[in-house]
Number of protein chains: 2
Amino acid sequence: MKGIRRLAQHLDISIGTVSRALNGRSDVSEETRRRVIEAAAAMGYAPNQAGRSLRQGNTNAVGFMIELGSDASSNNDNFFLGVFDGVQSALARHHLDLVVLPCATDEDPTQYMQRMIARHLVDAMIISATHRRDTRIDVLQAARLPFITLGRSATEGEHPWIDLDFAGVARRAVDRLAAAGHRRIAVAVPSNDINLGFVFLDSYKSALTANGLPFDPALVFRVPSSEQGGYQLGHDICAMGDRPSAVVLNYELLALGLYRRLGESGLTPGRDLAVIGFREGPASRFLAPTLTCFRLSLRDLGIALGEALLASMPAYAEVYPQGIVRRIWPMELVPGESDRA
Amino acid sequence: MKGIRRLAQHLDISIGTVSRALNGRSDVSEETRRRVIEAAAAMGYAPNQAGRSLRQGNTNAVGFMIELGSDASSNNDNFFLGVFDGVQSALARHHLDLVVLPCATDEDPTQYMQRMIARHLVDAMIISATHRRDTRIDVLQAARLPFITLGRSATEGEHPWIDLDFAGVARRAVDRLAAAGHRRIAVAVPSNDINLGFVFLDSYKSALTANGLPFDPALVFRVPSSEQGGYQLGHDICAMGDRPSAVVLNYELLALGLYRRLGESGLTPGRDLAVIGFREGPASRFLAPTLTCFRLSLRDLGIALGEALLASMPAYAEVYPQGIVRRIWPMELVPGESDRA
DNA sequence: GAGTGCACCGTAAACGTTTCTGGCACGATC
DNA sequence: GATCGTGCCAGAAACGTTTACGGTGCACTC
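These numbers were taken from a predicted model, which means no experiment stands behind them.

Draft legend 1. Geometry of the packing of helix 2 (residues 15-22) of chain B against helix 3 (residues 30-43) of chain B. Residue and element names in this part refer to chain B. One way to put it is that helix 2 packs onto helix 3 with a least axis distance of 9 Å and a crossing angle of 90 degrees. Taken as axis vectors, helix 2 and helix 3 run roughly perpendicular relative to one another. Contacts between helix 2 and helix 3 pair Thr 17, Val 18, Arg 20, Ala 21 and Leu 22 from the former with Thr 32, Arg 33, Val 36, Ile 37 and Ala 40 from the latter. Along the lines of polarity and charge, the residues of the contact of helix 2 with helix 3 split into six nonpolar, two polar and two charged.

Draft legend 2. The arrangement of the relation of the copies chain A and chain B in detail. When chain A is fitted to chain B, the best match, at an RMSD of 0.2 Å, comes from turning it 180 degrees and sliding it 0.1 Å along the axis. In the structure described here, the two chain copies are related by an operation that fits a two-fold rotation axis. In terms of C-alpha distance to the rotation axis, chain A has Asp 77 of chain A as its closest residue, with the C-alpha 0.9 Å off the axis. Looking at chain A, 100% of its interface residues are interface residues in chain B too, so the copies touch through the same face.

Draft legend 3. Layout of the protein's contact with DNA strand D. In the vicinity of DNA strand D lie 27 residues, with Thr 32 of chain A together with Ile 4, Ser 19, Arg 52 and Arg 55 of chain B positioned nearest. Here, DNA strand D places atoms within 4 Å of the protein, and 63% of those atoms are sugar or phosphate. One nitrogen or oxygen atom from the side chain of Lys 2 of chain B is found 3.2 Å from a phosphate oxygen belonging to DNA strand D. Ser 19 of chain B places a side-chain nitrogen or oxygen 2.6 Å from a phosphate oxygen of DNA strand D. Breaking the surface near DNA strand D down by element, the ones donating at least two residues are helix 2 (15-22) and helix 4 (49-56) of chain A together with helix 1 (3-11), helix 2 and helix 4 (49-56) of chain B. Taken together, the residues of the surface near DNA strand D break down into seven nonpolar, 11 polar and nine charged.

Draft legend 4. Molecular detail of the packing of aromatic side chains. One pass over the structure, following the stated rule, counts 14 aromatic pairs over all chains. The interplanar angle of 15 degrees and the centroid separation of 5.8 Å between the aromatic rings of Phe 80 of chain A and Phe 84 of chain A together place this pair among those described as stacked. Here the residue Phe 80 of chain A and the residue Phe 84 of chain A both occupy positions in helix 5 (residues 77-92), the gap between them amounting to four residues, near one helical turn. Taken as a pair, Phe 80 of chain A and Phe 84 of chain A share a single burial class, namely buried. On the basis of an interplanar angle of 80 degrees and a centroid distance of 6.5 Å, the ring pair of Phe 166 of chain B and Phe 200 of chain B is categorised as edge-to-face. A residue pair is termed long-range when its members are at least 10 positions apart, and Phe 166 of chain B in helix 9 (residues 166-179) and Phe 200 of chain B in helix 10 (residues 195-210) qualify at 34 residues. The two residues Phe 166 of chain B and Phe 200 of chain B agree in class, both being buried. An aromatic cluster of at least three residues, connected via ring pairs, comprises Phe 64, Phe 79, Phe 80 and Phe 84 of chain A.

Draft legend 5. Expanded view of the sheet that holds strand 12 (residues 332-334) of chain A. All names here are of chain A. Strand order in the open sheet formed by six strands is 7-6-8-9-10-12, and the pairing between neighbours is mixed. Of all the strands in the sheet, the pair left with one neighbour each is strand 7 (220-223) and strand 12. The sheet shows a mean angle of 25 degrees between the axes of neighbouring strands, direction not considered. Here strand 8 (residues 246-248) runs beside strand 9 (residues 274-279); their pairing, made up of three bridges, is parallel. In the strand pairing of strand 9, Val 248 is matched with Ile 276. Docked against the sheet, helix 9 (residues 195-210) engages strand 6 (185-190), strand 7 and strand 8, running at close to 165 degrees with respect to strand 6.

Draft legend 6. How the structure looks around the protein's contact with DNA strand C. Near DNA strand C you find 28 residues, and of these Ile 4, Ser 19 and Tyr 45 of chain A together with Thr 17 and Thr 32 of chain B are the closest. Those elements that place two or more of their residues in the surface near DNA strand C are helix 1 (3-11), helix 2 and helix 4 of chain A together with helix 2 and helix 4 of chain B.

Draft legend 7. Inspection of the pairing of strand 3 (residues 124-128) of chain B at higher detail. All names here are of chain B. Counting buried positions over the five residues of strand 3 gives five, a clear majority of the element. The pairing of strand 1 (residues 61-67) with strand 3 spans four bridges and is classified as parallel. Across the sheet, residue Phe 64 finds its bridge partner in strand 3, namely Ile 126. Looking at chain direction, strand 3 and strand 4 (residues 147-150) are connected through four bridges and run parallel. Of the residues in strand 4, the one forming a bridge with Met 125 is Phe 147. The parallel pair strand 3 and strand 4, bridged by helix 8 (residues 135-143), forms a crossover whose chirality is right-handed.

Draft legend 8. Just the domain arrangement of chain A, in detail. Residues and elements named next belong to chain A. On domain assignment, one finds that chain A holds domain 1 (3-47), domain 2 (61-164 + 298-331) and domain 3 (166-295). For domain 2 versus domain 3, the distance between C-alpha centres works out to 29 Å. Counting from both sides, the interface comprises 19 residues of domain 2 and, opposite them, 19 residues of domain 3. Of the roughly 1,700 Å² buried where domain 2 meets domain 3, counting both sides, 49% is carbon and sulfur surface. Viewed at the interface, domain 3 and domain 2 are joined by zero salt bridges.

Draft legend 9. Examining the packing of helix 1 of chain A against helix 3 (residues 30-43) of chain A more closely. Residues and elements named next belong to chain A. Where helix 1 contacts helix 3, the axes come no closer than 10 Å and their chain directions differ by 125 degrees. When the interaxial angle is binned, helix 1 and helix 3 end up oblique. Both helix 1 and helix 3 take part in a crossing whose hand is right-handed. From helix 1, Arg 6, Leu 7, His 10 and Leu 11 reach across to helix 3, where they touch Arg 35, Val 36, Ala 39, Ala 40 and Met 43. Among the residues making up the contact of helix 1 with helix 3, the classes are represented as six nonpolar, one polar and two charged.

Draft legend 10. Spatial organisation of the pattern of salt bridges. Inspection of the entire model under this criterion finds 42 salt bridges over all chains. Of the charged contacts, one joins Arg 20 of chain B and Asp 27 of chain B as a salt bridge, the two residues approaching to 3.6 Å between their closest N and O atoms. Take Arg 20 of chain B: its relative accessible area is 30%, and that puts it in the partly exposed class. For Asp 27 of chain B, a relative accessible area of 52% corresponds to the exposed category. One salt bridge connects Arg 326 of chain B with Glu 158 of chain B, and the closest N-O pair in it is separated by 3.2 Å. Taken together, the positions of Arg 326 of chain B in strand 11 (residues 326-329) and Glu 158 of chain B in the loop between strand 4 and strand 5 (161-164) put the pair 168 residues apart, joining distant regions of the chain. The exposure class of Glu 158 of chain B is exposed, given its relative accessible area of 57%. Through salt bridges with shared partners, one network takes in Asp 97 of chain A together with Glu 107, Arg 115 and Arg 119 of chain B.

Draft legend 11. The pairing of strand 1 of chain B, seen in detail. All names here are of chain B. In terms of residue burial, strand 1 counts as a mostly covered element, since seven of its seven residues are buried. The two faces of strand 1 match: Ala 61, Gly 63, Met 65 and Glu 67 on one face and Val 62, Phe 64 and Ile 66 on the other face are all buried. Of the pairings in the sheet, the one linking strand 1 to strand 2 (residues 97-103) comprises seven bridges and is parallel in character. Bridge pairing in strand 2 places Phe 64 opposite Val 100.

What counts, and at which threshold
Residues numbered from 1 in each chain as written. Chains lettered and ligands numbered in written order. Predicted model: local features only at pLDDT ≥ 70, side-chain atom pairs only at ≥ 80, totals over all residues. Heavy atoms only, no water. Axes fitted to C-alpha atoms, helices over the stretch in contact; angles between N-to-C directions. Helix = DSSP H or I, 4+ residues; strand = E, 2+ residues; numbered from the N terminus. Parallel < 35°, antiparallel > 145°, perpendicular 65-115°, else oblique. Contact = heavy atoms within 4.5 Å. Nonpolar A, V, L, I, M, F, W, Y, C, P; charged D, E, K, R; others polar. Least-squares fit on C-alpha atoms with pLDDT ≥ 70 in both. Near = heavy atom within 4 Å. Polar contact = N/O pair within 3.5 Å; in protein donor to acceptor, adjacent residues only side chain to side chain. Phe/Tyr/Trp six-rings, centres within 6.5 Å; stacked < 30°, edge-to-face > 60°. Buried < 20%, exposed > 50% of the residue type's maximum accessible area, 1.4 Å probe, protein only. Pairing = 2+ DSSP bridges. Right-handed = clockwise from strand over helix to strand, strands pointing away. Domains from an automatic or database assignment. Buried area = accessible area lost by both parts, 1.4 Å probe. Salt bridge = Lys/Arg side-chain N within 4 Å of Asp/Glu carboxyl O. Left-handed = near helix turned anticlockwise from the far one by under 90°.

Put into structure tokens, the structure is as follows:
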């Protein structure tokens, strides 16, 4: 005898009553409820999730899919762990748990997503690093699974999203450099089709125009989102005859590689090339000269993601009457010495 | 009509036959199997995991619990993402999926573990950053859930583990520094009760002895495992009257903070203080002077973890007849310029 | 031509839970 | 005193799947 039956037999009541008592139903006497709860704690009983899911049709879990392979994930441990923490906190208030679903490098992300949906492992999903056209979104919509994306996409649909303020970062970076007199401002964008690259580049262009500067395609550097990409960026810049005087980065780790490559050519950020980095992170804080970049609270972002997702789940929509959330997440400029050139 | 019934009705055969066909049972004709598989693909059918788990008593998923709170995991330079990739690859060969279970900073890890076990969400578990006494292990053993730990622990038990070669790193670092003539070699160890700290310190002490050097408690620095900890370490060293001439680090990000703090005092690693770092990572590769540290393949480590876990699961033990794996994972010295002092 | 074995398939039970339905006991109401 | 309402609980159905069991038709054997 196992599970709820064992508990019921031990208390000499029916399993139905045990279930109602534990689930806070009204038609149970307070006395009985107390006995059940105490016995459950004493015997270490907790309802089997499979039985529960089968009957109720939901799993009380939310998935967060990450792609380990592509540098399109454009993120690292430190980014994700911070966000997870916030999401988990937001969900825990409703007894939902977060499970992270990592898609290995050797697996197709869309197929992986389909498998996870078919498994009915989670009630809702969060996906990050959205592509310009993201087939994962099509799959999620076809499955009618509530979801939110961290990052926008050109894929049609009415789904909720939260996106970092890439446009604002690019604009403020260009404004700042232009105000300091720079006229040849380069930009780094991802070499794949991740959506933020388009947003970043568009905003960069219009900021140039707004500052009366011409757009020069030779100043757009497509590099992988990694330190290697930053190194390559530095290499490409150093190899140019007519070097830009400043560069705006779109990914946090680019600054590391760029600094190193500049150093190898005897160049100093902030003196020979003005650099504005992207996200402030553990590594960027220790660069010399200090990096001008942008700050955000990962935990707050995670909480906002969790709450926006809850708002899109029918069972919680009344608690979070925000409708479909579409939100640009602000980032705060942290001045450093790297853009003093 | 949903699920397997819909598929069976569409094919005009019984649900039992559909199930047997999809699960590769023998007593179904090849012709029928083909039809079923094709129809399943066409209709996007995949068995509901809740029903499956309930019947079979397992979930075909493995959990990897990480503590978002502990400072050992707060900023770890893509350590986890690399390991996940390997684990996932190893498990995928047996149609098992990896789900990562992040324990939020505001939740007790042991309670979280108990909740996850009670949910019957996974068939086996991986835990990392084991403490000297780790109650999560007790909980796992009481639940009779197969598990493996990444890191050892003083907790009694016969469970499998894989541990990075902290002892070897400390010994080789001390040997190398002693051979270079250093006589006052400091060491950084974590300020919490994570197990690797004890291993690291013990090995450091015996290596001193082996090299005929005295042990000086004043040269043991207990600092948090973070860049902040490294900064604090640098601060403490700079404040000493009789400074050590070398220091051995136990955590990858310490080097970043240490470099910065030394710089603030006008000191240069490799000239004023010999530094041997721990794990080579994206950040450490960009330090100047280059850091002497140790290398390992995270993906291979993950694969080994996955296979060792499979070996401890009754259903897969015959495929992986390795018994209970207890293994020190080697790390390779990467010479740099930081220990030339 | 009855018996035997085999390949294939349908039927139904079982997994652990929640929830619907019904029913008992008791007090209140007219 | 019959009726009604209410508080509480037992019983059973249902969720979607796998699997033990039994049965049918066919080929083959003596």
